[in-house]
Amino acid sequence: MIPAILQIREVYIMNKNIILCGVGGQGTVLASKLIAAAAMKKDLPVMSAETIGMAQRGGSVFSHIRIGEGLHSPMIAKSTADVILGFEPGEAVRMLPYLKDSGQVIVSSRGIMPVTAALSGTPYQSSEMIRYLKTRTEHLLVIDTDEACRELGSSRVLNMLLLGAAIHSGALGLTDAEIKEVIKERVPEKYHKINFRALEYTHSL
Amino acid sequence: MHKEFLMGNEAIALGAIAAGVNLVSGYPGTPSSEVLETVAKRRTSDIYVEWSVNEKAAMEVASGAAYTGARCMVTMKQVGLNVASDPLMSLEYIGVKGGMVVLVADDPGPVSSQTEQDTRCFAGFSKLPCFDPSDPQEAYEMVQEAFEYSEQYGTPVFLRPTTRVCHGYASITVKDETEYQPRRFEGFVKDTGRWVIFPRLSYQNHIKIEARNVKLAEDFSKYSRNRIYPACERKQQLKKGVVSGGISFTYAIETLEQLGMARLFKVSTPHPFPEKLALEFLDGLEEVLCIEELDPVLERELNYLCGRHHLPVRIYGKLTGHVKNAGENSRDSVHNDLLQFFEADAGSVTGSGNGTAAVTKDLSVVPAPLALPARPPVLCAGCPHRASFYAVKTAMKGRKTVFCGDIGCYTLGNAMPLDMVDTCLCMGAGLGIAQGIGHMEPDTACFAFVGDSTFFASAITGVVNAVYNQANMTLIILDNSTTAMTGHQPHPGTGQTMMGEIVQKINIESVLRGIGLTVVETVNPLDYQASLKCVKQTADKPGVKAIIFKSPCIALTRPSGSMAVDSRKCTGCRKCIRELGCPALILSEGRVCIDSSLCTGCSLCAQICAADAVCSPKSRTPGPAGDTFTPLDSSSCPADDTCHPADQGGVHNE
């Protein structure tokens, strides 16, 4: 018989804790649903939790996604996230306490200035956030969102860009093909091409 | 059976459908709204579903259905229960024939509510049984079991999930449609001795209710969802146990599986409390930690039991300061509470009684290491409420005023720079507060702001009261043709029902004129000059007068294209940023810019710019009041953020 403690460790290695964070309206919810659907196709148990309600109106939002057997809580404990997908640099910094040692951070370079910062006249510098992330994380991938959107000819593909980068980093345990399959099921056909191009974009970097 | 990835609220809806529910009524409120929406979306043809005008109406509609023997469910958030409590308190004395589940979503934190009230306490007060699910799968099964208990005992029952259960998703196993049990019911049978509440009947039924709850408590001790998890060998000699329920149970068991399992008591029916099972749990223990959110319900029950049975067990929790007594538990706060309980000598951890001992050890409150900008929720770019608030603010500048707000997106009008909400209490309260202040301070110009859905839900009686009692006030209706904050539900003014029917719209102006208001102006808030003039002309008239600011929620209309700043004309005065606080107005390298991915082209900033520096690619003038608009297909507009008009990164999902 395998001692209980080893069984638990085995479970924890197989499991994935994923955090998506950004600003209300950026499309984090849809991205988290695609990840969940792709994992379910592999017969893996999935749970997630996210911000709904008042905070959606331009406030900080997050999704916690957990994949694997033997889990109870939809919420992730601090220092246990395998990967953080930051749709906004400051929001990625806000979620950093959840990242485990050697965890992966994938972040969009484009900052969104909070109204409070515009009002006080002290502009919020997203480059400072990126610099900070560089000093604090071993595995950081910054996606130049403006450049990518220009190249792709669409400003509405941020979540596909980040999702693609997360897949290619290996941190999700999912493949391009698995995500594409669920996109095909959930998104009208006329948008498949642009989403697939965005998904594959980081492959060519 | 098949697997689906479902939100807790969706799971509850499917569970009710699987249980053969016949009628579902409710009023929207975070975190409960998706339950009724999912019933409407996934219902079989014989289910009736409605958004009632408020929770009291929903409770009464469901009561009538339950009198016929039909199964019914009422949905609301915790503060909605306050509105519904009048019929519910009496209904408990009358009882039901068909199963009735009262779904009340509690909101620890609170995340988006006015109070941290605990429906488990309301269960004790109203004597209703209460079911407390800890995850979506359990919620799915529990709602079906709740219907059975309700019918067996002839009482409405509470199903009381909290935010993280309501809005948590999980891949769960649900029944196929072919497995649903169709139900027949008898119909209403006249019997005045049963259905007409009189003091004598209430007395007789009170005796029955007390006896029933004793029996139900025994029954709940055998209910499989109330469960004792045994301690692992290593923890057995410790004589320490943990009790929990709801989402906190999932946090507790995950930590205990890591630290080594201790004796753990999961309570899924906090009322009536499963005493027999609780005594079994307490047997041989010396110390117990209670992990729960909101009120110390489990902790009090255990204290009571220990006292009654002279048990030498020390009970720790919120009352002793070992667990924080306000706000939401987290995976980390529970981890730390358990760590302290098991690793320190719990006896030496003296609670302060006010939760401060627990707060200081809660790692979840340690801030991120870099100073981060606050990002509170704000009114969306292009939101017509901003324009309405701004017009009233500018028109009343320099005057002694009070602006009474209400519940909805427009509560966000309190933020700087608008700063246009001086009071906010509960649904519809702004009207009464404006009257009260006016009676005491006749020289203050009193305003009450109320949204269209809130107007129908609970402001009409306030208007009648104002007219009857000769108040002097201005009522501002912010009519955006939807219930925006909770996810765009229809209401009596929208002309649509949850059954998909197109019906006669109830016209707010006609309602106000019917009550007796003679001054009722309607204006498009995005026409700044017209709005300003309207407020100036109306506010000083005597008596009760109303202005309806009518412009649809931006989430329901297509943006008309982004505005742009002409840098040659912009003087850099930043009036637009300082006075409007629109998220699309940003500073880039010291200059005012417009974020084209957020701007909807409402043109308010262009209308107030002294230098005429904001222009639209297509020159655009605001339309007249009540401008017609083309709503987007409602199926592409779910209550989450995937179709938010400010969405810059979403998959193209229109």
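Residues numbered from 1 in each chain as written. Chains lettered and ligands numbered in written order. Predicted model: local features only at pLDDT ≥ 70, side-chain atom pairs only at ≥ 80, totals over all residues.

Student: Lay out the sheet that holds strand β14 (residues 401–404) of chain B in plain terms, naming residues and giving numbers.
Tutor: Residue and element names in this part refer to chain B. Within the open sheet, the five strands sit side by side as β14-β15-β16-β18-β17. Their pairing is parallel. Strands with a single pairing partner mark the edges of an open sheet, and in this sheet they are β14 and β17 (520–523). Here the strands of the sheet are splayed against their neighbours by 20 degrees on average, with no regard to which way each runs. Pairing of β17 with strand β18 (residues 544–550), which is carried by four bridges, proceeds in the parallel orientation. Within β18, the residue paired with valine 523 across the bridge is phenylalanine 549. Strand contacts of helix α16 (residues 384–395): β15 (445–451), β16 (473–479) and β18, with the helix running at about 160 degrees to β16, the strand carrying the most contacts. The strands touched by helix α18 (residues 452–468) within the sheet are β15, β16 and β18, with β15 carrying the most contacts at an inclination of about 150 degrees. (Pairing = 2+ DSSP bridges. Helix = DSSP H or I, 4+ residues; strand = E, 2+ residues; numbered from the N terminus. Axes fitted to C-alpha atoms, helices over the stretch in contact; angles between N-to-C directions. Contact = placed C-beta atoms within 7 Å.)

Student: Run through the sheet that holds strand β6 (residues 139–143) of chain A, naming residues and quoting values.
Tutor: Spatially, eight strands are ordered β6(A)-β5(A)-β4(A)-β1(A)-β3(A)-β2(A)-β8(B)-β1(B) in an open sheet, and the strand pairing comes out mixed. Taken across any chain shown, the strands that pair with only one partner, and hence form the sheet edges, are β6 of chain A together with β1 (2–7) of chain B. Taken pair by pair, the neighbouring strands of this sheet meet at an average axis angle of 20 degrees, ignoring direction. Pairing between strand β5 (residues 99–108) of chain A and β6(A): five bridges, direction parallel. Within β6(A), the residue paired with A:Ile106 across the bridge is A:Leu141. This element, helix α6 (residues 136–153) of chain B, spans β1 and β8 (168–174) of chain B of the sheet and lies at about 55 degrees to β8(B).

Student: So, helix α3 (residues 55–67) of chain B: which residues are in play, and what are the values?
Tutor: Residues and elements named next belong to chain B. Here α3 spans 18 Å end to end across 13 residues, near enough to the 18 Å set by a 1.5 Å rise per residue. Among the 13 residues in α3, 10 count as buried, and that is most of the element. Those residues of α3 lying buried are Glu55, Lys56, Ala58, Met59, Val61, Ala62, Ser63, Ala65, Ala66 and Tyr67. Buried residues along α3 sit against β2 (23–26), β3 (48–51), β4 (72–77), α4 (78–94), β5 (100–105) and α8 (192–195). Once α3 finishes, glycine 69 follows within two positions and takes phi at roughly 100 degrees, a positive value. (Expected span 1.5 Å × (residues − 1). Buried ≥ 20, exposed ≤ 12 C-beta atoms within 10 Å, placed from the backbone.)

Student: Any details on α6(B)? Residues and values, ideally.
Tutor: Residue and element names in this part refer to chain B. With 18 residues, α6 ought to run about 26 Å at 1.5 Å a step, and its terminal C-alpha atoms sit 25 Å apart, in line with that. Counting buried positions along α6 gives 13 out of 18 residues, so the element sits mostly inside the fold. Two residues or fewer past α6, glycine 154 is found with a positive phi of approximately 65 degrees.

Student: Which residues make up the packing of α18(B) against helix α19 (residues 508–515) of chain B, and what values go with them?
Tutor: All names here are of chain B. At a minimum axis distance of 10 Å, the contact between α18 and α19 shows a crossing angle of 15 degrees. With respect to each other, α18 and α19 are oriented roughly parallel. As α18 runs across α19, the sense of the crossing is right-handed. Along its contact with α18, which presents Asp452, Phe455, Ile460, Val463, Val464 and Val467, the element α19 presents Ile508, Val511, Leu512 and Ile515. Split into classes, the residues belonging to the contact of α18 with α19 amount to nine nonpolar, no polar and one charged. (Parallel < 35°, antiparallel > 145°, perpendicular 65-115°, else oblique. Left-handed = near helix turned anticlockwise from the far one by under 90°. Nonpolar A, V, L, I, M, F, W, Y, C, P; charged D, E, K, R; others polar.)

Student: Explain unusual backbone geometry to me, and be specific about the residues and the numbers.
Tutor: All names here are of chain B. Here the residue pair glycine 109 and proline 110 is connected by a cis peptide bond, since its omega of -25 degrees sits within 30 degrees of zero. Structurally, proline 110 is set in the loop between β5 and α5 (119–126). Of note, the amide linkage connecting histidine 271 to proline 272 takes the cis form, showing an omega dihedral of -10 degrees. Relative to the assigned elements, proline 272 resides in the loop between β11 (263–266) and α12 (275–282). Within the chain, lysine 127 stands out as a residue other than glycine whose phi angle is a positive 75 degrees. For lysine 127, a count of 17 C-beta atoms within 10 Å translates into the label partly exposed. At aspartate 612, a position not held by glycine, the phi torsion is positive, near 55 degrees. Examined against the element boundaries, aspartate 612 turns out to sit in the loop between α22 (604–608) and β22 (614–615). By the C-beta count within 10 Å, which is 11 here, aspartate 612 ends up exposed.

Functional significance is not addressed by these values, which are geometric in nature.
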